[in-house]
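Per-entry structural report
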Amino acid sequence: MPTNFKLKPQDFGENFVWGVSNAAYQTEGAYNVNGKGLSIWDDFTSQKGKIHNNEHANVAVDFFNKYKEDILLMKSMNIPNFRFSLSWSRIIPDGNGEVNQQGIDFYNRVINFCLECNITPWVTLYHWDLPLALEKQGGWTNRAILGWFEKYTTLCANTFGDRVKHWMVLNEPMVFTGAGYFLGVHAPGKKGLKNFLPAIHHATLCQALGGRILKKTVKNGIIGTTFSCSQITPYKNTRKHNLAAKKADTLLNRLFIEPLLGMDYPTESLPVLKRLKAYIKPGDDKLSEFEFDFIGIQNYTREVVKHSYFVPYIQAKIIKASKRQVETTLMDWEVYPPSIYNMIKQFNQYKNIKKLIITENGAAFTDVVKNENIEDTKRLNYFKSHLEQVHKAQQDGLNIDGYFAWTFTDNFEWAEGYKARFGLVHVNFSNQKRTIKSSGKWFKSFLENL
Ligand code: BGC
């Protein structure tokens, strides 16, 4: 999809935030050094058959040792904001006990180096790597997680909050509860409603709890949290397919944000959610609410959904992009730029969102290294066509205040292992060499006169 891209960052307004995102488990490596405890992802990837080629992120892209090189590269590419996550088990190895000073020292080094390079750190507290010791006590299914999370959040806010002002509480609660506690395809590999429902409710409570703690503790903090979202299109415009699409939209796009905004769980559109009642205690509705300074939305594709009697609880089925004769990425996700526009629009319909930021958007394609160059034209077109949609949304009067590309360097893509590269910077996984791709060079010149 070639685009004749003419926009400049200035066209998005002076206060528009530009950045790149990554996550601890996908990049850091150093999984068992300097006192770090194991996380559910360390454990999950050590089990045979869970991840493409049985890969793991024990080394990943060695961000633990190469953070200076990477941040300097970021600086050389004119990137002003860097979103990364903290590994809970590096900071508190068993999740709830002794603090590991060496873990804190590492993040202090990263944060201080960002600031030295004039790059603003945006920190996510939880990007899916729960300490394994907590999972052994039920993880997100155990309401005790409220106490564990409170301790971890308070420690991070007190320790880093003097320098880190931009925070996000959770990364995509729908994905880590859905893939990790319902489908079992992500860590910790649990399945079924009996795991999914309590995980949903406890994540909803922690999302707001984390917001309250950060707001109270971090002076002048700008506090947010993030959601995955995809435009949902019914397979055909008939009553049953429309209903299926509505249910999928409720599950994938509305479930976690609505209780946060004081609207309760959207049970009328997805009746199975009524079973959440078993885990809800008096007063939980109020505890689920918090007014964030910004909401991060993360969009990659759209989903086409059809009615299916065979899918339990939801009777809705996603039709794979590869079966629809559309352009796809290596993840078998449709390249469909209007989805980002429509999701910005959908989130703008909620009344009390102060700011909306795209905290992730990007694509995986096969990259070919030729004479030290990676001409990733498809990825570059993907970025341009999505940025055009973000700009269009702004022109149409919708609230949208920033854009973070996923991701800076290639890294460990969860169940897909190292197969799916999303980076602006190519990594040779055998020698850790970094090479800026064409898309990265384009971002560098695009952001030059910011
Ligand atoms: C996650 C990232 C992931 C990306 C691409 C998002 O769901 O936050 O960790 O790598 O999508 O799949």
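As named in an unreviewed UniProt entry, the chain is Beta-glucosidase, taken from Postechiella marina. Per UniProt, the comment on the chain under Sequence similarities (unreviewed entry) is "Belongs to the glycosyl hydrolase 1 family." UniProt's Catalytic activity (unreviewed entry) comment on the chain is quoted here verbatim: "Hydrolysis of terminal, non-reducing beta-D-glucosyl residues with release of beta-D-glucose."

Structural notes on the packing of helix 10 (residues 239-254) against helix 13 (residues 338-348)
In a packed pair of helices, the relevant descriptors are the angle between the two axes and the axis-to-axis distance. The N-to-C vectors of helix 10 and helix 13 enclose an angle of 80 degrees; their axes lie 13 Å apart at closest approach. Judged by the inter-axis angle, helix 10 sits roughly perpendicular to helix 13. In this structure, helix 10 uses D249, N253 and R254 to contact helix 13, whose residues at the interface are M343, Q346 and F347. Residues that form the contact of helix 10 with helix 13 fall into these classes: two nonpolar, two polar and two charged.

Details of the sheet that holds strand 6 (residues 231-234)
Judged by pairing direction, the sheet is mixed, and its three strands sit side by side in the order 6-8-9 without closing on themselves. Unpaired on one side and paired on the other, strand 6 and strand 9 (316-319) mark the two borders of the sheet. Strand-to-strand twist across the sheet, computed as the mean angle between neighbouring axes with direction ignored, equals 40 degrees. Examined bridge by bridge, strand 6 and strand 8 (residues 302-307) share four bridges and lie parallel to one another. Each bridged residue has a counterpart across the sheet, and for T233 the counterpart in strand 8 is V304. Strands strand 6, strand 8 and strand 9 of the sheet are contacted by helix 10, whose axis makes an angle of about 135 degrees with strand 8.

Side note on the pairing of strand 8
Buried residues dominate strand 8, accounting for five of its six residues. Pairing between strand 8 and strand 9: four bridges, direction antiparallel. Across the sheet, H307 pairs through a bridge with A316, a residue of strand 9.

Focus: the nonpolar core
Ranked by internal contacts, the top residues of the largest apolar core, which has 129 residues, are W41, L86, W140, F160, W167 and Y403. For this core, the leading source of residues is helix 9 (residues 193-217), giving 12 residues. What W140 contacts, discounting residues up to four positions off in sequence, is Y126, L130, E135, I145, L170, F176, Y181, P198, A199, H202, A203 and C206.

Considerations on the pairing of strand 1 (residues 17-21)
Each regular strand shows side chains that alternate between the opposite faces of the sheet. The element strand 1 is largely enclosed, with a buried count of five among its five residues. On strand 1, burial covers both faces: V17, G19 and S21 on one face and W18 and V20 on the other are all buried. Pairing geometry for strand 1 and strand 2 (residues 81-85), over three bridges, is parallel. In the sheet register, V20 faces strand 2, and the bridge partner there is F82.

As for the site of the ligand
Neighbouring residues of the ligand: 13 residues in total, closest Q26, H127, N171, E172 and E413. Taking Y300, its side chain carries an N or O atom lying 3.4 Å from an oxygen atom of the ligand. At a separation of 3.3 Å, an oxygen atom of the ligand approaches a polar side-chain atom of W406. Considered on its own, the ligand offers 310 Å² of accessible surface; in the complex 95% of this is hidden by protein.

Re the UniProt feature "active site" (unreviewed entry) in the chain
Using the residue numbers shown here, the UniProt feature "active site" (unreviewed entry) corresponds to E360. Checked against the element boundaries, E360 lands in strand 10 (residues 356-360). Those residues in contact with E360, other than ones at most four positions away along the chain, are S21, R83, H127, N171, E172, I297, Q298, N299, Y300, F404 and W406. There is a polar contact of 3.0 Å between the side chain of E360 and the side chain of R83.

Describing unusual backbone geometry
The amide bond that connects A187 to the next residue, P188, takes the cis arrangement and shows omega of 5 degrees. Inspection of the secondary structure puts P188 in the loop between helix 8 (173-181) and helix 9. Here the bond from W406 into T407 is cis, since omega is 15 degrees, no more than 30 degrees from zero. Looking at the secondary structure, you find T407 in the loop between strand 13 (402-406) and strand 14 (425-428). Within the chain, A30 stands out as a residue other than glycine whose phi angle is a positive 45 degrees. Here A30 lies in the loop between helix 1 (24-27) and helix 2 (40-45). A positive phi angle is found at N53, which is not glycine, with a value near 60 degrees. Among the structural elements, N53 can be located in the loop between helix 2 and helix 3 (63-76). Residue classification places N53 among the exposed positions, given a relative accessible area of 57%.

Describing helix 5 (residues 101-116)
Note: α-helices contain 3.6 residues per turn, so residues at a spacing of three or four share the same orientation. Under the 1.5 Å per step criterion, the end-to-end length of helix 5 is 22 Å for 16 residues, consistent within 8% with the ideal 22 Å. Buried within helix 5 are the following residues: G103, I104, F106, Y107, N108, V110, I111, F113 and C114. Against the buried residues of helix 5 lie helix 1, helix 3, strand 2, helix 4 (88-91), strand 3 (120-126) and helix 7 (145-160).

A closer look at the layout of surface pockets
Of the volumes computed, that of the second largest pocket is approximately 310 Å³. By residue class, the composition of the lining of the second largest pocket is 10 nonpolar, five polar and four charged.

The rules we used
Residues numbered from 1 in each chain as written. Predicted model: local features only at pLDDT ≥ 70, side-chain atom pairs only at ≥ 80, totals over all residues. Heavy atoms only, no water. UniProt positions renumbered as here; feature names shortened; annotations may be inferred. Axes fitted to C-alpha atoms, helices over the stretch in contact; angles between N-to-C directions. Helix = DSSP H or I, 4+ residues; strand = E, 2+ residues; numbered from the N terminus. Parallel < 35°, antiparallel > 145°, perpendicular 65-115°, else oblique. Contact = heavy atoms within 4.5 Å. Nonpolar A, V, L, I, M, F, W, Y, C, P; charged D, E, K, R; others polar. Pairing = 2+ DSSP bridges. Buried < 20%, exposed > 50% of the residue type's maximum accessible area, 1.4 Å probe, protein only. Core = buried A, V, L, I, M, F, W, Y, C linked by side-chain atoms within 4.5 Å. Near = heavy atom within 4 Å. Polar contact = N/O pair within 3.5 Å; in protein donor to acceptor, adjacent residues only side chain to side chain. Areas by Shrake-Rupley, 256 points an atom, 1.4 Å probe, with all protein chains shown as cover. Expected span 1.5 Å × (residues − 1). 1 Å grid on protein atoms, 1.4 Å probe; cavity = no way out; pocket = protein on both sides within 12 Å on 5 of 7 lines; lining within 4 Å. Points joined across faces, edges and corners; volume = space filled by probe spheres on them.

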